[in-house]
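Commentary on secondary and tertiary structure
Here are the chains, one letter per residue:
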Amino acid sequence: VSRHGAAGPDWRLVVDPVACAGIGVCAHLAERVIRPDRWGFPIVAAEPLADGDRRALRAAGAAVRACPRRALQLHRVDRDQN
Amino acid sequence: VTTASIASSAGTAAAVHPTALLGFDHPIELPAHGPVPRGVAEDGVRHLARYGPIPALPRGRLTELVHRSGLTGHGGAHFPVARKWRAIQQAVTDSATTAGPTARRPVVVGNGAESEPASAKDAVLIQTRPHLVLDGLALCARELGADTTVLWLHEGDDASLAALHRARVERQAAGLAEPWPEIAVGPARYLSGESSAVLAGLSGAATLPTFRTVPAARSGFAGRPTAVHNVETLARVALAARTGLLRRAGGALLTVTGTTRTVLETTAGETFAGALTRAGRGTAPVAVLLGGYGGQWVAWPRLAELPCDAPALARHGLSMGAGVVVPLGPEHCGLATTAALLGYLAGQGAGQCGPCVFGLPALASRTTDLLGGGRRSQAADADLAALAGEIRGRGACGHPDGAVSLVASALSVFAADVAAHRANGSCLHSGRPAELPGVER
């Protein structure tokens, strides 16, 4: 059971640093979970996003879909490995 | 003994040096720069006389022996070898469940691309003990059920390629039941030996690190479960198979580097003080750069009496890395040396990941700023730790993390030097960086 008490899996934001060009759309769309570094490349939250945190998940999903380089991914986190 | 008897399973008793397992009884001194001069390769007859034939082990036994020895990867990462093999065995089982008879067979890659200019131990090993490396490759393939083996070298490693090719032909003539190892050559660049770059190169893509979310043990070369092992690791697998030769993973091949490179095999329990004395570096250094250019500085009093043994070092929070040991004498400045090394590392990146492309030159210039004193120096000192934290863990490969580890260790080991430089730009030593292979001062 996640911290928010929901039944679904947790999710982790992952950046493919080779594909990422530091365009910065993601940090605008999901500022709670992505912040730009001093050169504009995204630093994603180290903590997995809990399934119950709907707002963060929606923003993260929007950032993933909007990335012009398709460099941002949401990975399922198995709780027993978490 | 004839070459043909390499294949026999009943060999003569192996005459192994009691402590130096790879048989390097004396340190080997090499020039600081350029290719490693061709060594005298041990042929099949002499190899057999020293080690005996490859033992026939039931499936699973070698994994157990390797696990019990505690063997880790001597390419630098020191990942436990048995754990990698178990992941591959698991991937094979999983794929057999889903794919049945079309399940993909594993691949074993022996990595001899020694990119670190300070290191020469892999070239020395390949050129003098090619059969031991090939034994390890064959044993690993047999244990994992691999039908494909590859030896990966740098362009220009001509002497190593020749030694491996000759040994390969000898083994084929002797009728050894093992896959014919393909030799593949990558570009002579720093990151060509990085394992994801090796896999990219083998697949015909550019030899550059790639972002992987699935480990090579599950899906590597052509989607097959793949083991990429440093050549010294393979040689140690060959020792582990000869029950009793490698009871525990003590010992390593070191390259002690400065104005020359000295390759020596440490024996179980030998301390760094002992190893440095044997390498002819009798004068105690101030600190040692351990592991490689992307390794870490360690103050000599902390390191001197520790054993040259990866598991023992890990218990002290240190890594043997690729076995590079660079002693820094009091005549050189550790901070200035670090700045020069960071300049080198910044120039050796693949140019792919933002945090590395921008971060490494920033680390180098901030460290250079630190040397000069004054306001720029204070600003650099205030920012370096944050800068390092911003880069750590954000590349596709470990290259930027190596630079971060180097600078973080320098700030701690050379704290007194940092204070002196920051205050008025004065150096507690000569102000000059140490001379290192490949690094501009």
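Here the residue numbering is sequential within each chain, running from 1 through the sequence in written order. Chains and ligands are labelled sequentially in the order written, the chains with letters from A and the ligands with numbers from 1. Owing to the predicted nature of the model, reporting of local features is limited to residues with pLDDT of at least 70; listing and counting of side-chain atom pairs is limited to 80 or more, with chain, interface and lining totals taken over all residues. In computing side-chain values, all of the structure's heavy atoms are included and hydrogens and water are not.

1. Remarks on the overall build of chain A
Formally: Each helix is a run of DSSP H or I of at least 4 residues and each strand a run of E of at least 2, with the numbering of both proceeding from the N terminus. Note on classification: 1.4 Å probe, protein chains only; a residue is buried when its accessible area is under 20% of the maximum for its type, exposed when over 50%, partly exposed between these limits. Two residues qualify as a contact provided that any one of their heavy atoms is within 4.5 Å of a heavy atom in the partner residue.
Tallying secondary structure elements over chain A gives two helices and four strands in all. Along chain A, helices (α) and strands (β) appear in the sequence β-α-β-β-α-β when read from the amino end. The proportion of buried residues among the 82 residues of chain A is 40%. Pairs at least 24 residues apart make up 69% of the contacts formed inside chain A by residues separated by at least 6 positions.

2. Some remarks on the side chain of His47 of chain B
Along the chain, His47 of chain B falls in helix 1 (residues 44-51). When near neighbours in sequence (up to four residues on either side) are disregarded, His47 of chain B contacts Glu42, Gly52, His131, Leu132, Asp135 and Arg242 of chain B.

3. Digging into the interface of chain A and chain B
Applied cut-off: As a working definition, buried area equals the accessible area (1.4 Å probe) given up by two parts on being put together, with both sides summed. For this document, the term salt bridge refers to a Lys or Arg side-chain nitrogen within 4 Å of an Asp or Glu carboxyl oxygen.
Contacts between the two partners involve 13 residues from chain A and, on the opposite side, 18 residues from chain B. Summing the contributions of chain A and of chain B, the shared interface buries around 1200 Å²; its carbon and sulfur component is 64%. On the chain A side of the contact with chain B, Pro17, Arg38 and Trp39 of chain A bury the most area, a combined 49% of that side's loss. Run the count over chain A and chain B and you get three salt bridges.

4. What to know about helix 14 (residues 374-391) of chain B
Spelled out, the test is: Each residue after the first adds 1.5 Å to the expected span of a helix. Each residue is assigned a bend, namely the angle between axes fitted to the seven residues that terminate at it and the seven residues that start at it.
With 18 residues, helix 14 of chain B extends 26 Å between its outermost C-alpha atoms, agreeing within 8% with the 26 Å of an ideal straight helix rising 1.5 Å per residue. The largest bend in helix 14 of chain B is about 40 degrees, located at Asp383 of chain B. Among all positions in helix 14 of chain B, only Ser377, Ala380, Asp383, Leu384, Leu387, Ala388, Glu390 and Ile391 of chain B are buried. Structurally, helix 14 of chain B contributes buried residues whose contacts are with strand 3 (42-44) of chain A together with helix 13 (354-371), helix 15 (399-413) and helix 16 (415-424) of chain B. At the exit of helix 14 of chain B stands Gly393 of chain B, carrying a positive phi of roughly 75 degrees.

5. Quick look at the pairing of strand 6 (residues 253-257) of chain B
Residues and elements named next belong to chain B. Spelled out, the test is: Two strands qualify as a pair provided that DSSP identifies no fewer than 2 bridges between them.
The buried count for strand 6 comes to five of five residues, which makes it a mostly enclosed element. Neither face of strand 6 is open: one carries Leu253, Thr255 and Thr257, the other Leu254 and Val256, and all of them are buried. Bridge count for strand 6 against strand 7 (residues 260-265) is five bridges, and the pairing is antiparallel. Among the inter-strand pairings, Thr255 is bridged to a residue of strand 7, identified as Val263. The loop that links strand 6 with its antiparallel partner strand 7 comprises two residues. Bridging between strand 6 and strand 10 (residues 324-328) involves two bridges; their strand directions are parallel. Along strand 10, the bridge assignment pairs Val256 with Val325.

6. A short note on the sheet that holds strand 2 (residues 107-111) of chain B
Residue and element names in this part refer to chain B. Formally: With axes taken as lines fitted to C-alpha atoms, and helix axes fitted only over the stretch in contact, angles between N-to-C directions fall between 0 and 180 degrees.
Ordered by their spatial adjacency, four strands build an open sheet running 4-3-2-5, and the pairing between neighbours is parallel. Unpaired on one side and paired on the other, strand 4 (182-186) and strand 5 (226-230) mark the two borders of the sheet. Neighbour to neighbour, the strand axes of the sheet diverge by 25 degrees on average, direction disregarded. Here five bridges tie strand 3 (residues 148-154) to strand 4, and the two strands are oriented parallel to one another. Within the sheet, the bridge partner assigned to His154 lies in strand 4 and is Gly186. Across the sheet, helix 7 (residues 195-202) lies against strand 2, strand 3, strand 4 and strand 5, angled at about 110 degrees from strand 3, the strand it touches most.

7. Here we look at the sheet that holds strand 1 (residues 28-31) of chain B
Residues and elements named next belong to chain B. What the six strands build is an open sheet, ordered 1-7-6-10-8-9; its pairing is mixed. Edge positions in the sheet fall to strand 1 and strand 9 (296-299), since each of these pairs with one other strand and no more. Looking at each pair of strands side by side, their axes are set apart by 25 degrees on average, direction ignored. Along the sheet, helix 12 (residues 334-347) makes contact with strand 8 (287-291), strand 9 and strand 10, crossing strand 9 at roughly 165 degrees.

Everything listed is a geometric property; what it means functionally is a separate question.
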